[in-house]
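Now for the letters of each chain:
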Amino acid sequence: MTVTRVGPLPAATYDITVVGAGVVGCALARELVRRAPGARIALLDAADDIGEGTSKANTAILHTGFDAAPGSLEARLVRDGSRRLASYAAESGIPVEPVGALLIAWDPDQLAALPGLAAQAERNGHHAVRPIPVEELRSREPHLGPGALGALDVPGESVICPWTTTLAYATQAVRAGVDLHLNSRVENVRSGTGTHRLIVAGRGSLTTRWLVNAAGLHADTVDRMLGHETFTVTPRRGQLIVYDTFARDLVRHILLPVPTVRGKGVLVTPTVHGHVLLGPTAEDLSGDDAKRATHSTADAIDLLRARSRRILPRLVDEEIVAVHAGLRAATGHDDYRIDARPGRHYVTVGGIRSTGLTASMGIAAYVADLLADSGCAALGTPRELPPVTVPNLGEAFPRPYQRPELIARDPEFGVLVCHCERVTRGEIRAALTTTIPPASLAGLRRRTRAGAGRCQGAACGAAVRELFGRGNGARG
Ligand SMILES: Cc1cc2nc3c(=O)[nH]c(=O)nc-3n(C[C@H](O)[C@H](O)[C@H](O)COP(=O)(O)OP(=O)(O)OC[C@H]3O[C@@H](n4cnc5c(N)ncnc54)[C@H](O)[C@@H]3O)c2cc1C
């Protein structure tokens, strides 16, 4: 098992290298090692941890794809990925709650749009989507604001933990033999006959026979390193408000607006962690810093709160735990941009904008097929990998502090460190000694929820930092 964060990269040639360890790159690395057990596979990321890009900041919905553009690659891969991920989550302990969605019409035009959306769902193979009258909507969502005229019932839409999804993929990939190189920003690529040499900031270079670009917001930059100029990523920022667990009883379903050409719109959704999310905005950004602009703005927070006043008025008075923002990798094209260049031994996985968490396993299977069809000889028949179990971060399933048999075996699972999110010393210790340990307190938070609650680490920060420092010391 190899995870590196410092030092020169290995000199031996890799068969396949994936650039980008977001949810898509990690799913892909897992799928590749499943199909190529003897091959040398590398997964590189510029950040010091997996899932540090867009994959850490989204609305965490496992979409059915009912509203995708019929016939698009995205529709196909969301549908396939959703099915695969639901079953993988059940095997791996990734929490999923199939709460269902209600897509709500707030004016006569939106009401008139519902039958068309139901027909679109039908074309996407979702036959259970149906319009419901306002009385049914109100009985199913008693805290909804006044003025709703009707809704579409969308069974099957679920919420999922985005953090442990990426972690499960990457852990399984690394245990099966993928080399994960973090702190490895690819600065340039020199392509020769049948190989690419990746120049990696501060770590030398790495040679590979096949290269897959899953660099998210930077997929266009990596493409240009190989001389391709087919698309440009224009980040579309989505700001989100996270409400405290006290708000959780206000909402039972994912409450969707009628989508527009600008996107899926502002929604309210419960999370598997017991919080409530409001957002996201959709702001096209430009300028030098656009791909780093993950800060929140007062205007957007005001806009979101104004929207929530209409959707779920009582939410406005609830405690806000955090605000954050993610950047969608929009490309001005209404579909994914996945292209194989067999002669160049290269595949681009770009434009994975709003649905990449859901579609990740579908994208991985599709790209592995593309590589095989392109002549990547390392790939063969898929095999089962030894299963992984990720820590349960979901409220719908027993957490360690609720498991007497676990506490009897190891009393540290009964010692709370983060009281807001009920995270124990045992969970923190386990996260620090696992296959891919966190490199920062933020990484530890994504593996345990420590510090993700209402005090944002004000009460437990010192204790968590001490455990984190001790864990790092133990690892040397
Ligand atoms: C606000 C918002 C809400 C969303 N909601 C949902 C949702 O509810 N459901 C859903 O399915 N999807 C949702 N999405 C979409 C989903 O989050 C993304 O599609 C997905 O995370 C994209 O994953 P990725 O791996 O392609 O990109 P990323 O997670 O950004 O990963 C790309 C990685 O590449 C690395 N990288 C970049 N350049 C280099 C380089 N030169 N060298 C090495 N590494 C490099 C980066 O460090 C990064 O880690 C949402 C997105 C946003 C922004």
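The structure we're discussing is the one just above.
Notes on the structure follow. The structure presented is a predicted model; accordingly, all values stated were derived computationally and were not measured. (Residues numbered from 1 in each chain as written. Predicted model: local features only at pLDDT ≥ 70, side-chain atom pairs only at ≥ 80, totals over all residues. Heavy atoms only, no water.)

**Observations concerning the layout of surface pockets**
- Empty space within the second largest pocket amounts to approximately 440 Å³.
- Along the wall of the second largest pocket there are 20 residues; nearest its centre are T389, V390, P391, A430 and T434.
- Among the secondary structure elements, those contributing two or more residues to the lining of the second largest pocket are helix 5 (162-175), helix 10 (425-432) and helix 11 (441-448).
- Split by residue class, the lining of the second largest pocket holds ten nonpolar, six polar and four charged. (1 Å grid on protein atoms, 1.4 Å probe; cavity = no way out; pocket = protein on both sides within 12 Å on 5 of 7 lines; lining within 4 Å. Points joined across faces, edges and corners; volume = space filled by probe spheres on them. Helix = DSSP H or I, 4+ residues; strand = E, 2+ residues; numbered from the N terminus. Nonpolar A, V, L, I, M, F, W, Y, C, P; charged D, E, K, R; others polar.)

**Focus: the state of the cysteines**
- Under the criterion given, the structure shown has zero disulfides.
- A disulfide-free cysteine, C418 has its sulfur positioned 4.1 Å from the sulfur of C460, the nearest such atom.
- On the accessibility criterion, C418 (1% relative accessible area) is buried. (Disulfide = S-S within 2.5 Å. Buried < 20%, exposed > 50% of the residue type's maximum accessible area, 1.4 Å probe, protein only.)

**Details of empty space enclosed by the protein**
- Within this structure, the stated rule accounts for one cavity of 30 Å³ or more.
- Looking at the lining of the largest cavity, the elements that each hand over two or more residues are helix 5 and helix 11.
- By residue number, the principal contributor to the lining of the largest cavity is helix 5, which donates four residues.

**Focus on unusual backbone geometry**
- A cis geometry characterises the amide bond from G279 onward to P280, with omega recorded as -10°.
- Mapped onto the fold, P280 is located in the loop between strand 17 (276-279) and strand 18 (283-284).
- The phi angle at A60 is positive, at roughly 60°, despite the residue not being glycine.
- With respect to the helices, strands and loops of the structure, A60 is situated in the loop between strand 3 (41-44) and strand 4 (61-62).

**Overview of the site of the ligand**
- Taken together, 36 residues surround the ligand, and among them D45, S55, T59, I61 and T358 come closest.
- Within the backbone of A46, one N or O atom sits 3.0 Å away from a nitrogen atom of the ligand.
- Here the ligand has 1000 Å² of accessible area as a free molecule, and 95% of this is covered by the chains.
- Secondary structure elements with two or more residues in the shell around the ligand: helix 1 (23-35), strand 19 (320-330) and helix 8 (356-373).
- Residue classes in the shell around the ligand are distributed as 15 nonpolar, 17 polar and four charged. (Near = heavy atom within 4 Å. Polar contact = N/O pair within 3.5 Å; in protein donor to acceptor, adjacent residues only side chain to side chain. Areas by Shrake-Rupley, 256 points an atom, 1.4 Å probe, with all protein chains shown as cover.)

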